[in-house]
Amino acid sequence: MAKRPSASLDGICNTILSYYPEAKLDLIRKAHAFAEEAHRGQLRSSGEPYMIHPTEVAQTLAELRLDISSVVTGLLHDTVEDTHATLEQIEKEFGKDIAELVDGVTKLSQITFKTSEEKQAENFRKMILAMAKDIRVILVKLADRLNNMRTLEHLAPHKQKIIAQETLDIYAPIANRLGIGWIKLELEDLCLRYLHPDVYYKLAQKVTKTKREREKYIEVVCDILGEKLKEYDIQAQVSGRAKHFFSVFKKMERRKVDFEQIFDLIAFRIVVDNITECYKSLGVIHATYKPVPGRFKDYIAIPKANGYQSLHTTVIGPSGERIEIQIRTQEMHQIAEGGIAAHWKYKEGKSGQSRENVEWVNRLLEWHKDLSDPNEFLETVKIDLFAEDVFVFTPKGEVKQLPHGATPLDFAYAIHTDVGNKCVGAKVNGKIVPLRHRLKSGDTIEVVTSPSQSPSKDWLKIVRSSRAKAKIRAVIKQQERDRAKEIGVEVLDKAVRPFGLTLSKLEKSGDLQRAIQGLSLRTQDELIIALGYGRLDPEQVIELVIPKEARENKVEAAKAEDESFLKKVFNAARKRSESRNAITVANLDDVLIRFGRCCNPLPGDSIIGFITRGRGVTIHTATCTKALDNDQERRVDVRWNTDKNTFKRHVRIRVLSLDEPGLLALMSQTISACGVNIASANIRTTKDRKAIAVFDVEVGDLTQLHKVTSALEGKKGVLSVERVRS
């Protein structure tokens, strides 16, 4: 990837004047001087002056053709977090609007979090809420992340992978959602470089080898297309380019083929004057080259959720090569490149975003109200970020936009929460279908409900939309809380009965309120539910509500009477397991530890724990979707005990490779060379001469697993390696 020239204050000003000639640049110069003074003496990881970073960020914002306030925020975005400057100073010097933007971009560095994942999730929530209030916040953040990714080589390898994965999970999809195509593509390519360096440099080498041939081919096809369009009096700009590395990589993964078997590596773009000429151009192309069946998409009639519009078709071009062609107007092209930033208007000395309906941003506010746990909020947004959309109809003809793969249940929840909760079936285009039926664009859906129906956990496996998942989880968690409350009342009554007390007597005397305060809880329900989940031992309550003398007189009798009951309820807390020492559980001793089969966590994975009555604490990875289905009231702090982590855990990896002699032996040798034992192996071949090998290996931690997967990815003939979570 070619190195860009460094940005400068003059460069920023010239870029702004190119699209906003009336702009007053005094504020830009003032912000640059303020940031330069604030960051004086600070260096980046590369050893360069820190001021290079905010200057580059501001340059990117100017290239997005944003307003003065946004560019100023780019210059100031790190001053509050990384220097002695305060928000009050920013507001005094640059006004409330810019101060609010800087605050929206600033991370929550002053708050202490239990885990780095919780901090990341809460920072993301803050950014999203600020974005919902002012979309410019996320545009500044995208420019910031783009510059950080461009200079990522100066960080340690493990930090590179963490930042690249976060970028691929969150920031590249956000750029896509907002329609800023060039930022999305560059971020994805940079992520590939650090997450799969072997793949990235292999692709770079192979693409470079064919560069001269490809450029000649592009020139020939552009000339042919240009001449053909002229014959029909269509004035068009025709251009071609090689597809981005990440796009090629995903295509190799999706089709499970090697680079040499990817033929549609070149994309062409035709930009015309109006929509009529878009469809006319499509006819000319299909008359010139044979179209590939099923590869035509009309995003003009039905735009993507981010506002993107174009006609897409794939044809068999010269020399039998498959080529993809996009056809759009000049206005569509500006929106495709700049997305939401393309809608900024400059009029009468004022600048700002036109009133564009950003439906996705509006949905974020709704999820924020429904989801109190920051990790669940982050996971919900991730699901939606990756979703392509289908457009379906109500019986009255109203259009509903749903994620790709959505079911009638998703549609029901899109109508209303109560309709979703009571849904028992649906008719699609007049025919009864099961709830797991996948909807297609153009379907008309009629929902069938029953007053006796209620959501189940199985529904979470069926729905695809974030809204439906959030609503189902809310109902399930409420049901779990109600059950925990019933158990908690029973536990407390049993615990205080030997002292001649009941729950109602404790309430009337005020003793229960004293216990609530003594345990730093807020409400009676919170105490009861904590007892029901097993987060709180009844002995802790007894110590606060029963006088010491009375406890000493009757505690032995109470223990004897309740021994069988308490053993049944808390037997997990008295058991040991062979892997107990691997995990430290906050405030609990001798706890039975179970690892979730859904995510199979390894030492090194970020983890969370959930109390399961009668079964101890179940350990999940922090990103496990099943863990998000659990009530956060049952969550306990857990961490790997690195001092005592000597046991090995079984992990399954799947290797896709070419079906070649000796490759299985090479893979086995590679795994063994990493000091890892193979417990079992299962191999099968496919019709297109590929081999799929599934290995059960014994590893000590995540680092050792990464060593194995990286070594396998580097072997010739290996197409992909992935960890399988059963």
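Structure's up top.
Residues numbered from 1 in each chain as written. Predicted model: local features only at pLDDT ≥ 70, side-chain atom pairs only at ≥ 80, totals over all residues. Heavy atoms only, no water.

### Looking at the overall build of the protein
Per the secondary structure count, the protein includes 30 helices and 23 strands. Looking at the 726 residues of the protein, the share that counts as buried comes to 50%. Summing over all exposed atoms, the protein offers an accessible surface of approximately 36100 Å²; the carbon and sulfur share of this is 49%. (Helix = DSSP H or I, 4+ residues; strand = E, 2+ residues; numbered from the N terminus. Buried < 20%, exposed > 50% of the residue type's maximum accessible area, 1.4 Å probe, protein only. Areas by Shrake-Rupley, 256 points an atom, 1.4 Å probe, with all protein chains shown as cover.)

### Concerning a positive patch on the surface
Together, Arg436, Arg438, Lys461, Arg464 and Lys626 give the surface a local cluster of positive charge. With respect to the secondary-structure elements, Lys461 resides in helix α21 (residues 459-462). Overall, Lys461 belongs to the exposed group, its relative accessible area being 60%. (Patch = residues over 30% accessible without salt bridge, like charges linked within 9 Å, V, L, I, M, F, W, Y side chains within 5 Å. Salt bridge = Lys/Arg side-chain N within 4 Å of Asp/Glu carboxyl O. Lys, Arg positive; Asp, Glu negative; His and termini not counted. Charge placed at Lys NZ, Arg CZ, Asp CG, Glu CD.)

### Things to note about the environment of Gly420
Within the secondary structure, Gly420 sits in helix α20 (residues 417-421). For Gly420, a relative accessible area of 0% gives the class buried. For the pair Gly420 and Ala468, spaced 48 residues apart in sequence, the C-alpha separation works out to 7.7 Å. In contact with Gly420, not counting residues within four places along its chain, are Leu409, Ala412, Tyr413 and Trp459. (Contact = heavy atoms within 4.5 Å.)

### Focus: the packing of aromatic side chains
Within the structure shown, the criterion is met by five aromatic pairs. Ring geometry for Tyr299 versus Tyr308: centroids 6.1 Å apart, planes at 70°, classification edge-to-face. Both residues of the pair, Tyr299 and Tyr308, count as buried. Each member of the aromatic cluster is reached from another via a ring pair, and the members are Tyr200, Tyr201 and Phe245. The ring of Phe94 carries the charged tip of Lys30 above its face, separated from the ring centre by 5.3 Å. Over the face of the ring belonging to Phe595 we find Arg649, whose NZ or CZ atom lies 4.1 Å from the ring centre. (Phe/Tyr/Trp six-rings, centres within 6.5 Å; stacked < 30°, edge-to-face > 60°. Lys NZ or Arg CZ within 6 Å of the ring centre and 35° of its normal.)

### A closer look at the packing of helix α10 (residues 157-177) against helix α11 (residues 181-195)
Closest axis-to-axis distance for the α10/α11 pair is 9 Å, and the angle between their directions is 160°. Judged by the inter-axis angle, α10 sits roughly antiparallel to α11. Between α10 and α11 the crossing geometry is left-handed. Residues Gln160, Lys161, Ala164, Gln165, Thr167, Leu168, Tyr171, Ala172, Ala175 and Asn176 of α10 form the contact with α11, whose participating residues are Ile183, Lys184, Leu187, Glu188, Cys191, Tyr194 and Leu195. Of the residues assigned to the contact of α10 with α11, the class counts are 10 nonpolar, four polar and three charged. (Axes fitted to C-alpha atoms, helices over the stretch in contact; angles between N-to-C directions. Parallel < 35°, antiparallel > 145°, perpendicular 65-115°, else oblique. Left-handed = near helix turned anticlockwise from the far one by under 90°. Nonpolar A, V, L, I, M, F, W, Y, C, P; charged D, E, K, R; others polar.)

### Regarding the pattern of salt bridges
Counted under the stated rule, the structure contains 17 salt bridges. Residue Glu188 is joined to Lys184 by a salt bridge in which the shortest nitrogen-to-oxygen separation is 3.6 Å. Of the two residues, Glu188 and Lys184 are both situated in helix α11; the distance of four residues between them amounts to about one turn of the helix. Across the salt bridge formed by Arg654 and Glu722, the nearest N and O atoms sit 2.8 Å from each other. Placement of Arg654 in strand β20 (residues 649-658) and of Glu722 in strand β23 (residues 718-724) is noted, with a sequence separation of 68 residues between them. Among the residues examined, Arg654 registers a relative accessible area of 33% and is labelled partly exposed. Classification of Glu722 as partly exposed rests on a relative accessible area of 38%. Via salt bridges that share partners, Asp67, Asp97 and Arg136 belong to a single interconnected network.

### Focus: the side chain of Ser310
Inspection of the secondary structure assignment puts Ser310 in the loop between β4 (297-298) and β5 (311-316). Polar side-chain contacts of Ser310 include one of 3.3 Å to the side chain of Tyr308. For Ser310, the residues in contact, after removing those within four places along its chain, are Lys297, Asp298, Tyr299, Ile300, Ile327 and Arg328. (Polar contact = N/O pair within 3.5 Å; in protein donor to acceptor, adjacent residues only side chain to side chain.)

### Some words on helix α16 (residues 330-338)
Those residues of α16 that fall on the buried side of the exposure criterion are Met332, His333, Ile335, Ala336 and Gly338. Of the surrounding elements, those touching the buried residues of α16 are α11, β2 (266-272), α15 (275-288) and β6 (322-329). Gly339 lies just past α16 and shows a positive phi near 55°.

### Considerations on the nonpolar core
Counting 70 residues, the largest nonpolar core has Ile16, Ile28, Val71, Leu76, Ile90 and Leu178 as the members making the most contacts within it. Here this core takes eight residues from helix α9 (residues 136-150), the largest share from any one element. By size, the runner-up hydrophobic cluster in this structure holds 23 residues, among which are Tyr217, Leu229, Ile266 and Cys278. (Core = buried A, V, L, I, M, F, W, Y, C linked by side-chain atoms within 4.5 Å.)

### Comments concerning the pairing of strand β21 (residues 677-685)
Bridge count between β21 and strand β22 (residues 690-699): eight bridges; the pairing is antiparallel. Bridging across to β22, Thr685 finds its partner in Ala691. Linking β21 back to β22 in an antiparallel pair, the connection comprises four residues, with Arg689 at a positive phi of about 60°. (Pairing = 2+ DSSP bridges.)

### Side note on the environment of Asp493
Summarising the element assignment, Asp493 is placed in helix α22 (residues 466-496). It is 9.2 Å that separates the C-alpha atoms of Asp493 and Ser504, two residues lying 11 residues apart in sequence. Those residues in contact with Asp493 that lie beyond four places of it in its chain are Thr502 and Leu503. Among the polar contacts listed, one links the side chain of Asp493 to the backbone nitrogen of Leu503, at a separation of 3.0 Å.

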